[in-house]
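Given next are the chains, with one letter for each unit.
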Amino acid sequence: MLHAITRAVSPALANCELTFVDRQPIDIAKAQSQHTSYEHLLAKLGLHVHSLHAEPTLPDSMFVEDPAIVLDELAVILPLGTKSRQPEAESLAKALTPFRKLHYITAPAAIEGGDVLRIDRTLYVGQTTRTNAEGVRQLAAILAPHNYNVVPVPVTGCLHLKSAVTSLGRNTLLANRGWFETTPFANFQWIDVDPSEPHAANALAVAGTVIFPASFPKTRARIESANFHVTPLDIAELQKAESGLTCSSLIFKVQPTSDAH
């Protein structure tokens, strides 16, 4: 069974870190409602959702994908590239403890889960302002005994690698190819975002559908024309906090040993 860890929207979300979008007023009640709809959709798709309490002093803490990577064999707790966000990892590590053995990447490394695109047993890791070479090196060392390949990918036009490219399944990537080095992805098929929707590359493919922001209808049409099932979701208020769809959950399979507890 697939499980998802999420976290409620912080009441301090309006003070979130922003890098590639301009700050706008955020309606917290609307943002909370949109995030609740996201959680409900995951549950409707059959995922067991573990929703953590909001962190009032950590504005970005709903973005649970960034402080951890969860693989079948282990979880890796990450030192976030923004110092103000580093306290987010502690409660997330506690939430993951029942499900996975934890490994830790440590300073001077910096790495964020939004930069990590896993496809089968390869982890493509964005080289960004949030993830440095030491973070990539330590991740590769932790995962080598488990036969994962770690591939660095230069990123130039956006916050994280997964702001620019996500996997839809069937060997197909949704991408804004102007924002990252595409050479490591030579064997994939592409669906390019519509030029009028440059931020539309972040989609969450799970449980037989592609969850996709309702604000990008032209790119949605491109995805559907490739015979993918798309479920649109309104996250317009959350997008003011530089949110995508992958960043608000950690999705993983529960091992048989966990089911027995």
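The structure this text deals with has already been given above.
Only a predicted model underlies this, so the values are computations on that prediction, with no experimental measurement involved.

Basis of the calculations
Residues numbered from 1 in each chain as written. Predicted model: local features only at pLDDT ≥ 70, side-chain atom pairs only at ≥ 80, totals over all residues. Heavy atoms only, no water. Helix = DSSP H or I, 4+ residues; strand = E, 2+ residues; numbered from the N terminus. Rg over C-alpha atoms; globule rule 2.2 N^0.38 Å. Buried < 20%, exposed > 50% of the residue type's maximum accessible area, 1.4 Å probe, protein only. Areas by Shrake-Rupley, 256 points an atom, 1.4 Å probe, with all protein chains shown as cover. Lys, Arg positive; Asp, Glu negative; His and termini not counted. Charge placed at Lys NZ, Arg CZ, Asp CG, Glu CD. Salt bridge = Lys/Arg side-chain N within 4 Å of Asp/Glu carboxyl O. Pairing = 2+ DSSP bridges. Axes fitted to C-alpha atoms, helices over the stretch in contact; angles between N-to-C directions. Phe/Tyr/Trp six-rings, centres within 6.5 Å; stacked < 30°, edge-to-face > 60°. Core = buried A, V, L, I, M, F, W, Y, C linked by side-chain atoms within 4.5 Å. Contact = heavy atoms within 4.5 Å. Polar contact = N/O pair within 3.5 Å; in protein donor to acceptor, adjacent residues only side chain to side chain.

1. Structural notes on the overall build of the protein
Each helix and strand counted, the protein has 7 helices and 15 strands in total. Its C-alpha atoms give the protein a radius of gyration of 17 Å, within 12% of the compact-globule value 18 Å for 261 residues. Across the 261 residues in the protein, those meeting the buried criterion constitute 54%. When the accessible surface of the protein is totalled, it reaches about 11300 Å², and 53% of it is carbon and sulfur. Taken as two groups, the 21 positive and 25 negative side-chain charges of the protein have centres that lie 3 Å from each other.

2. Overview of the pattern of salt bridges
One pass over the full model with this rule turns up 12 salt bridges. Measuring nitrogen to oxygen at the nearest pair gives 2.6 Å for the salt bridge that ties Lys 162 to Glu 65. Taken together, the positions of Lys 162 in helix α4 (residues 161–164) and Glu 65 in the loop between β2 (48–52) and β3 (68–70) put the pair 97 residues apart, joining distant regions of the chain. Residue classification places Lys 162 among the buried residues on the basis of a relative accessible area of 10%. Put simply, Arg 222 and Asp 194 hold a salt bridge, and the shortest N to O gap is 3.5 Å. Here Arg 222 is found in helix α5 (residues 217–225), whereas its partner Asp 194 is found in the loop between β11 (189–192) and β12 (204–206), with 28 residues between them in sequence.

3. Observations concerning the sheet that holds β11
Either a parallel or an antiparallel arrangement is found when strands of a sheet pair, and the pairing is made through backbone hydrogen bonds. Sheet architecture is open: 3 strands sit in the order β9-β10-β11, paired in mixed fashion. Because the sheet does not close on itself, it has two edges, and the strands there are β9 (165–169) and β11. The average undirected angle you get between the axes of adjacent strands in this sheet is 30°. In terms of strand pairing, strand β10 (residues 172–175) meets β11 through 4 bridges, oriented parallel. When the sheet's bridge partners are listed, Ala 175 is paired in β11 with Asp 192.

4. Observations regarding the packing of aromatic side chains
A complete count under the given rule lists 8 aromatic pairs for this structure. Seen in terms of ring centroids, Phe 180 and Phe 185 are 5.8 Å apart; in terms of plane orientation they differ by 85°. Their pairing is edge-to-face. Each member of the pair, Phe 180 together with Phe 185, is buried. For the pair Phe 185 and Trp 190, a centre-to-centre distance of 6.2 Å together with 75° between the ring planes defines the contact as edge-to-face. A residue is classified by how much of its surface remains accessible, and Phe 185, at 0% relative accessible area, is buried. Here the aromatic residues Tyr 124, Phe 180, Phe 185, Phe 188 and Trp 190 are joined through ring pairs into a cluster of three or more.

5. Section: the nonpolar core
Counting residues in hydrophobic clusters, the biggest one holds 21 residues, and the most contacted among them are Leu 13, Leu 42, Leu 204, Ile 211, Leu 233, Leu 238 and Leu 245. The set of elements that each furnish at least two residues to this core consists of α1 (28–44) and β12. The greatest single-element share of this core, amounting to 5 residues, is contributed by α1. Leaving out residues up to four positions away in the same chain, Leu 42 has contacts with Ala 4, Thr 6, Leu 47, Val 49, Leu 204, Val 206, Ile 211, Ser 249 and Ile 251. Within the second largest apolar cluster, 17 residues are counted, among which are Ile 69, Leu 74, Val 116 and Val 150.

6. Looking at the side chain of Thr 131
Following the sequence through the fold, Thr 131 ends up in the loop between β7 (122–127) and α3 (133–143). For Thr 131, a relative accessible area of 3% corresponds to the buried category. Only 3.1 Å separates the side chain of Thr 131 from the backbone nitrogen of Glu 112, close enough to count as a polar contact. For Thr 131, the side chain forms a polar contact with the side chain of Asp 115, separated by 2.6 Å. In this structure, Thr 131 is in contact with Ala 110, Ile 111, Glu 112, Asp 115, Val 125, Gly 126 and Val 136, ignoring residues within four places of it in sequence.

7. Some remarks on the pairing of strand β6 (residues 116–119)
Two elements, β6 and β7, share 4 bridges in a ladder whose sense is antiparallel. Counterpart to Ile 119 in the pairing with β7 is Thr 122. As consecutive antiparallel partners, β6 and β7 are separated by 2 residues, and within that stretch Asp 120 has a phi angle of approximately 55°, a positive value.

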